[in-house]
Amino acid sequence: MLKKSFLFILLIITSLSVTYSQDDGLYVFVTLWGGEGKRPGQFRLPQGITIDSSENVYVSDTWNNRIQKFDSSGKFLNEWGSTGSGDGQFKKPCGLAMDREGFLYVADRDNYRIQKFTSSGAFVTKWGSFGRKNGQFDFPYCLSVDSEGYVYVVNTYNNDSIQKFSSSGIFTARIGSRGTGDGQFTGSFGITLDSKGYIYIVEKDNHRVQKLDKDGKFVTKWGSYGSDDGQFISPRGISTDTSGNIYVLDNGNYRIEKFTDEGKFIGKWGKIGSGQGEFQAGMIGIAIFSDTSVYIVEYENERVQKFIPKK
């Protein structure tokens, strides 16, 4: 009886190991920086990340109500922002996006607006207010910019949809609605666009990725609830590389999954923990520089990790 009990416990441990060790060795750890605090280089529950053409890294330090800028090794360069509703102030900044001209867009969540800055933090413009009409938000969480400079903002709750704006904040279109059908969204926590203009949305509550064309028409989808390759548990971030591959932060499985632009599974890496190359369930933002570097911002571990492809 004792032997059977031991084998049963061993089976459970093995099963847990399979579930939470999700590393194909696709990417390798390079460095990390951060830690809880208010000093430069520290974070309090950070939720957004993006990269400029020089591979400088911008992080929305959400609970410190500021933006921090680093070089590609994690060296602190600059910061701006404070708590408030004035120009250049924030109330829980979340998603970040950089356009080709080097302007930074910030989803200023609890101010229900988007703010635009230069790469050094100088305020340029803002738009948005509380509400559910065109050009209004009630939970602007993430955003992305296409090659023509149009800004796509995801309103995550209640008003689950994408709004499209010019670079100066002029409303041009609304895409999608709340639901589980094709072209509908529930709990959308990530958006990215590829070089061809296709839009990819990751949905935390629907456990899937949807691909739309530049006009917002449904193209395809992939994913379902689970821990197998190509499945997700509450995914919360998405990005694309210059080759068009799609990367998804699979939060509940503590891993990153990589796909082709049609949803074919390529590989995965990561496992649960707080060590190098490990993740908690608070993976929120992902940014990719060319095809060479992947940066992940972690809400719960309060840090940024950098990875490169395994040679």
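Reference entry: report on the structure contained in this document. Quick caveat, the model's predicted, so the values are computed rather than measured.

## What to know about the overall build of the protein
For the protein, the count of helices and strands is one helix and 28 strands. The C-alpha radius of gyration of the protein comes to 19 Å, within 12% of the 19 Å expected for a compact globule of 311 residues. Taken along its principal axes, the extent of the C-alpha atoms in the protein is 70 × 45 × 35 Å. Of all intrachain contacts in the protein linking residues separated by at least 6 positions in sequence, the fraction that spans at least 24 positions is 46%. In the structure as shown, the protein presents an accessible area of about 13,100 Å², 49% of it carried by carbon and sulfur atoms. Charge separation in the protein, taken as the distance between the mean sites of 37 positive and 35 negative side-chain charges, equals 3 Å.

## Description of the pattern of salt bridges
Per the stated rule, a full pass over the model turns up 16 salt bridges. A salt bridge links Arg-132 to Asp-138; the nearest nitrogen and oxygen atoms lie 3.4 Å apart. By relative accessible area, Asp-138 is classed as buried at 11%. One salt bridge connects Glu-262 with Lys-211, and the closest N-O pair in it is separated by 3.0 Å. Here Lys-211 lies in strand S18 (residues 208-212) and Glu-262 lies in the loop between strand S22 (255-259) and strand S23 (265-269), a separation of 51 residues in the sequence.

## Some thoughts on the packing of aromatic side chains
A complete count under the given rule lists 23 aromatic pairs for this structure. Seen in terms of ring centroids, Tyr-27 and Trp-269 are 4.3 Å apart; in terms of plane orientation they differ by 25°. Their pairing is stacked. You can see Tyr-27 sitting in strand S1 (residues 27-34) and its partner Trp-269 sitting in strand S23, a full 242 residues away along the chain. Look at Trp-269 and you get buried, because its relative accessible area is 1%. Residues Trp-63 and Tyr-299 carry aromatic rings whose centres are separated by 6.3 Å and whose planes lie at 85° to one another, so their mutual orientation is edge-to-face. Note that Trp-63 is positioned in the loop between strand S3 (57-61) and strand S4 (66-70) and Tyr-299 in the loop between strand S27 (293-298) and strand S28 (303-309), a separation of 236 residues in sequence. Overall, the relative accessible area of 26% leaves Trp-63 in the partly exposed class. Taken together, the ring pairs in this structure connect Tyr-27, Phe-29, Tyr-247, Trp-269, Phe-279 and Phe-307 into an aromatic cluster. Over the ring of Tyr-150 we find Lys-164; its NZ or CZ atom is 4.6 Å from the centre of that ring.

## Considerations on the sheet that holds strand S20 (residues 238-240)
Spatially, the four strands line up as an open sheet ordered S20-S21-S22-S23, and their pairing is antiparallel. Edge strands, defined here as strands with exactly one partner in the open sheet, are S20 and S23. Taken pair by pair, the neighbouring strands of this sheet meet at an average axis angle of 20°, ignoring direction.

## Overview of the environment of Glu-262
In this structure Glu-262 comes out as partly exposed when scored by relative accessible area, which is 48%. Considering only alpha carbons, one finds Glu-262 and Ser-274, 12 residues apart in sequence, at a separation of 32 Å. Those residues in contact with Glu-262 that sit more than four places away from it in its chain are Lys-211, Thr-220 and Trp-222. One polar contact links Glu-262 to Lys-211, side chain to side chain, over a distance of 3.0 Å.

## Some thoughts on the side chain of Lys-69
Summarising the element assignment, Lys-69 is placed in strand S4. At 4.6 Å, Asp-52 is the nearest oppositely charged side chain to Lys-69, a buried residue that forms no salt bridge. At a separation of 3.3 Å, a polar atom in the side chain of Lys-69 contacts the main-chain carbonyl oxygen of Ser-119. With sequence-adjacent residues up to four places away left out, Lys-69 is seen in contact with Asp-52, Asn-56, Val-57, Tyr-58, Lys-75, Phe-76, Leu-77, Asn-78 and Ser-119.

Criteria and thresholds
- Residues numbered from 1 in each chain as written.
- Predicted model: local features only at pLDDT ≥ 70, side-chain atom pairs only at ≥ 80, totals over all residues.
- Heavy atoms only, no water.
- Helix = DSSP H or I, 4+ residues; strand = E, 2+ residues; numbered from the N terminus.
- Rg over C-alpha atoms; globule rule 2.2 N^0.38 Å.
- Contact = heavy atoms within 4.5 Å.
- Areas by Shrake-Rupley, 256 points an atom, 1.4 Å probe, with all protein chains shown as cover.
- Lys, Arg positive; Asp, Glu negative; His and termini not counted.
- Charge placed at Lys NZ, Arg CZ, Asp CG, Glu CD.
- Salt bridge = Lys/Arg side-chain N within 4 Å of Asp/Glu carboxyl O.
- Buried < 20%, exposed > 50% of the residue type's maximum accessible area, 1.4 Å probe, protein only.
- Phe/Tyr/Trp six-rings, centres within 6.5 Å; stacked < 30°, edge-to-face > 60°.
- Lys NZ or Arg CZ within 6 Å of the ring centre and 35° of its normal.
- Pairing = 2+ DSSP bridges.
- Axes fitted to C-alpha atoms, helices over the stretch in contact; angles between N-to-C directions.
- Polar contact = N/O pair within 3.5 Å; in protein donor to acceptor, adjacent residues only side chain to side chain.

Keep in mind these values describe shape, not function.
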